[in-house]
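# Structure assessment
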2 protein chains.
Amino acid sequence: MTTLPELKGNMLIAQSGGPTAVINQTLVGAVLEARKHESIQKVFGAKHGIQGILDEDFINLGRETPANLERVAQTPSSALGSVRKKPTADDCAKIFEVLRKHNIRYFFYIGGNDSAETTYIIHQHAKKAKFDFRCFHLCKTIDNDLRQNDHTPGFGSAAKFVASAFMGDNQDNRALGGVKINIVMGRHAGFLTAASALAKVYPDDGPHLIYLPERPFSMSRFCKDVKKVMKEHGRCVIAVSEGICDSKGTPIIAAHTQEVDSHGNVQLSGTGALGDILANELKAKTGISRVRADTFGYLQRSFPGVMSHVDAAEARQVGASGVAFAVKDFENGSVAIQRKKSKRYAVEFNRVTLKSVAKETRHMPAAFIHKDGNQVTEAFLTYVRPLVGPLPEMGRLKDVPVKGIK
Amino acid sequence: MTTLPELKGNMLIAQSGGPTAVINQTLVGAVLEARKHESIQKVFGAKHGIQGILDEDFINLGRETPANLERVAQTPSSALGSVRKKPTADDCAKIFEVLRKHNIRYFFYIGGNDSAETTYIIHQHAKKAKFDFRCFHLCKTIDNDLRQNDHTPGFGSAAKFVASAFMGDNQDNRALGGVKINIVMGRHAGFLTAASALAKVYPDDGPHLIYLPERPFSMSRFCKDVKKVMKEHGRCVIAVSEGICDSKGTPIIAAHTQEVDSHGNVQLSGTGALGDILANELKAKTGISRVRADTFGYLQRSFPGVMSHVDAAEARQVGASGVAFAVKDFENGSVAIQRKKSKRYAVEFNRVTLKSVAKETRHMPAAFIHKDGNQVTEAFLTYVRPLVGPLPEMGRLKDVPVKGIK
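Residues numbered from 1 in each chain as written. Chains lettered and ligands numbered in written order. Predicted model: local features only at pLDDT ≥ 70, side-chain atom pairs only at ≥ 80, totals over all residues.

## With respect to the confidence of the model for chain A
As a general rule, the predicted coordinates of low-pLDDT regions are not to be interpreted in detail. With 96% of its residues at a pLDDT of 70 or more, chain A has an overall mean of 95. Confidence estimates for the predicted assembly give a pTM of 0.96 and an ipTM of 0.96. (pLDDT = per-residue confidence, 0-100.)

## Considerations on the relation of the copies chain A and chain B
After a rotation of 180 degrees and a shift along the axis of 0.0 Å, chain A superposes on chain B with an RMSD of 0.0 Å. Expressed as a symmetry operation, the mapping of one chain copy onto the other fits a two-fold axis. Taking C-alpha positions as reference, the residue of chain A nearest the rotation axis is glycine 272 of chain A, located at 2.0 Å. A shared binding surface is used by both copies, with 100% of the interface residues of chain A retained as interface residues in chain B. (Least-squares fit on C-alpha atoms with pLDDT ≥ 70 in both. Contact = placed C-beta atoms within 7 Å.)

## Some details on the nonpolar core
If you look at the biggest cluster of nonpolar residues, it comprises 254 residues, and the most contacted ones within it are Val162 and Ala195 of chain A together with Val162 and Ala195 of chain B. Among all residues touching valine 162 of chain B, those that are not within four sequence positions of it are Val184, Leu192, Ala195, Ser196, Phe296 and Gln300 of chain B. (Core = buried A, V, L, I, M, F, W, Y, C linked by C-beta atoms within 7 Å. Buried ≥ 20, exposed ≤ 12 C-beta atoms within 10 Å, placed from the backbone.)

## So, the interface of chain A and chain B
The interface is formed by 61 residues belonging to chain A together with 61 residues belonging to chain B. Listed by contribution, the elements that provide at least two residues to the side of chain A that touches chain B are strand S3 (58–60), helix H3 (66–73), helix H6 (155–176), helix H9 (273–286), strand S9 (291–295) and helix H10 (299–302) of chain A. For the side of chain A that touches chain B, the leading source of residues is H6 of chain A, giving 10 residues. Tallied by class, the residues present in the side of chain A that touches chain B amount to 26 nonpolar, 20 polar and 15 charged. (Helix = DSSP H or I, 4+ residues; strand = E, 2+ residues; numbered from the N terminus. Nonpolar A, V, L, I, M, F, W, Y, C, P; charged D, E, K, R; others polar.)

## Considerations on the packing of helix H1 (residues 23–34) of chain B against helix H11 (residues 309–329) of chain B
Residue and element names in this part refer to chain B. Where H1 contacts H11, the axes come no closer than 7 Å and their chain directions differ by 40 degrees. Here H11 runs oblique to H1, going by the angle between their axes. In the crossing of H1 with H11, the sense of the turn from one axis to the other is right-handed. Contacts between H1 and H11 involve Ile23, Gln25, Thr26, Leu27, Val28, Gly29, Ala30, Glu33 and Ala34 from the first element and Ala312, Ala315, Arg316, Gln317, Val318, Gly319, Ala320, Gly322, Val323 and Ala324 from the second. Residues of the contact of H1 with H11, tallied by class, amount to 11 nonpolar, 6 polar and 2 charged. (Axes fitted to C-alpha atoms, helices over the stretch in contact; angles between N-to-C directions. Parallel < 35°, antiparallel > 145°, perpendicular 65-115°, else oblique. Left-handed = near helix turned anticlockwise from the far one by under 90°.)

## Section: the sheet that holds strand S1 (residues 9–15) of chain A
Residue and element names in this part refer to chain A. Spatial strand order, S3-S2-S1-S4-S5-S10-S11: 7 strands in an open sheet with mixed pairing. For this open sheet the edge positions go to S3 and strand S11 (347–352), each flanked by a neighbour on one side alone. Recorded for the sheet is a direction-independent mean angle of 25 degrees between the axes of neighbouring strands. On the sheet, helix H11 (residues 309–329) packs against strand S2 (40–46), strand S4 (104–111), strand S5 (134–139), strand S10 (332–339) and S11 and is oriented at approximately 165 degrees with respect to S5. (Pairing = 2+ DSSP bridges.)

## Notes on the sheet that holds strand S7 (residues 209–211) of chain A
Sheet strands line up and pair through hydrogen bonds in the backbone, either parallel or antiparallel. Residues and elements named next belong to chain A. The strand order across the open sheet built from 4 strands is S7-S8-S6-S9, with neighbouring strands paired in parallel fashion. Either end of the sheet is taken by a strand with one partner, and the two such strands are S7 and S9. Ignoring strand direction, the axes of neighbouring strands in this sheet form an average angle of 15 degrees. Strand direction decides the pairing type here: strand S6 (residues 178–184) and strand S8 (residues 235–241), joined by 7 bridges, are parallel. Looking across to S8, one finds that valine 179 is bridged to cysteine 236. Sheet strands touched by H6: S6 and S8. Its angle to S8, the strand with the most contacts, is close to 150 degrees. In the packing of H9 onto the sheet, the strands contacted are S6, S8 and S9, and the crossing angle to S9 comes to about 170 degrees.

## Details of helix H3 (residues 66–73) of chain B
Residues and elements named next belong to chain B. Within the span of H3, buried status applies to Leu69, Val72 and Ala73. Down the axis of H3, the buried set is contained in an arc of 100 degrees. They therefore lie on one face. The secondary structure elements touched by the buried residues of H3 are H1. (Arc of directions from axis to C-beta.)

Structure (structure tokens):
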């Protein structure tokens, strides 16, 4: 590994996109690592991502005590505030003006694939503008859909929430029967919805059906699947990704929502529409009387106290690695979590190019999806278990029959 | 206290209505207490409430080990299965036939006000049928709406889930702005929705507005309230009870649902309709662009790992007290949790009549609701805090300004 020439200056860090339960671990990891390097002088935070750069809305992170930083690290959602914004050429010119003014030579942007795209755009414009700085994307996303990464910070904790929720909801459905549909986040990647499969402890436990955006969704097939499970178990718990699409690629929810952000993403969350569409269809077509739908919504990404320890530790390390890479090894890039080919779970934190992470979505590999398209495979469970860690224990009565009854 | 004559026989216990996170504590409390009394011979459980009596679907709880019972006690949702069913006179006749056949002389029914009504109906018919048995209702409900009770098992844990969810969601809203509406369970009682107020740590934290079913809901007033909060904080987190009604008493969700159970209750949960109605109204009438709605749904009552310790311990004691009362002191009744008038939080478990608990709903007292009808009072917070116990810590950056910036 070559060592870069020393670049003395201030550092700026910001957060972007959807919050996660551990995104502040990455922030704190980067801030604490920066304190170890003499070439990084002051450490600033921009509020609400690049909007805070455009508005010169900075705070001095050098004035934060380690104890307070630890409290922030344990707290869900972006402590610096977030934004969903794709920078224009004019925005970039303004950004470099602000960065120059404050002698900012290190820039870190914590976010998902849209934020990686933003970082890539800024880096491209910096080259043209001959602005000499080090520019890193620090990965996070509960959707787990970043290319180059085995998995991403935020996913493990969100998956723990989803699996826990399904464990409880499976008990609930077992008590009262009928069909229960739960809509899970993840946009066009099914990983988070698939994590619901961790909830299965006993063979008859739900989720009995799992629908992922990687496979076309057919309403008639859905009704058929549910009727089959109802026949077998007398009840049915279903995990559905918010991003399911029909065979033409049109989101099932599309007819009911119009909102689109500046990266071109349709609003999938913050509405119960998809669950209600599916529940009404089932009631109408199958004659099953008790059909309920819940949309887990934002709770999945910001619920305090339900965190994966592995996820929290890795999120912290992504921040620290980014700063270390920027100071010594690379002028730009993204920190990727890559799994070692070892028997015991282990990862390494590598630098990859911004372009290779930006924009495009990583989908569930075919090996993780059951051939019927409505369940996951054992390979997926082996993949996901170490990311989530221990789950609550689910007790069950032995149901010893009473003698003399049928 | 008089002591009843000894009644030797078997015991039957069942669970009814909506599950809670600690309803199995009550089951286990009763089963373990029964083992201490010689007059109780065998201990049976009926599956799915009174339906299991009608179907003679019993299990032998005497064969459960203490270790397995402890695992079940920690597991959310009704381990025996549940039902929503009001017994007819014919059902009661059949019930006594089954109870006689199995020499059941002790009957315990764990549930809310509908289940108390069921227990009351069974007890009334037993008197007419001259069936000599002891018949108790054991309280539970996350809605916290049982008369005679200071609070009910299940509420504290559900309130902890709701408060935690709002803590995280407040951070989420702080990061991305806009309006966030969260629909909370509770039917016609606002206690659970009101518990969202525990999420407030810093003065600008949400929930900024809380709408309870105890006060008529006006859509125009709602839009006005939200605009005011948006002006003050630039964001708005709102807690809305699923049971809010207009000034004529019609549920706001009513236009969108038709399902009614045998106790006459309209389906309020398991649909995102109310959240979407409110979000769409806000978008249309206020011009606020980012409005999101989540419906917490069944997660509130069955989420594993998020339990109030006080709630779990009290739920256990309700089961134990019911059995002790039935063996020694009373032929029938309901176990009520009543708070002592002491400085430090303390409760006693008293027997009250079945009739005084059955059917009718207890509402939030006026002293708990702010005069504006869109917040709770300090008196409510004092009431609810000990029921929920410690909540996650919420860290926040100090936001020290950068010198030389505006």
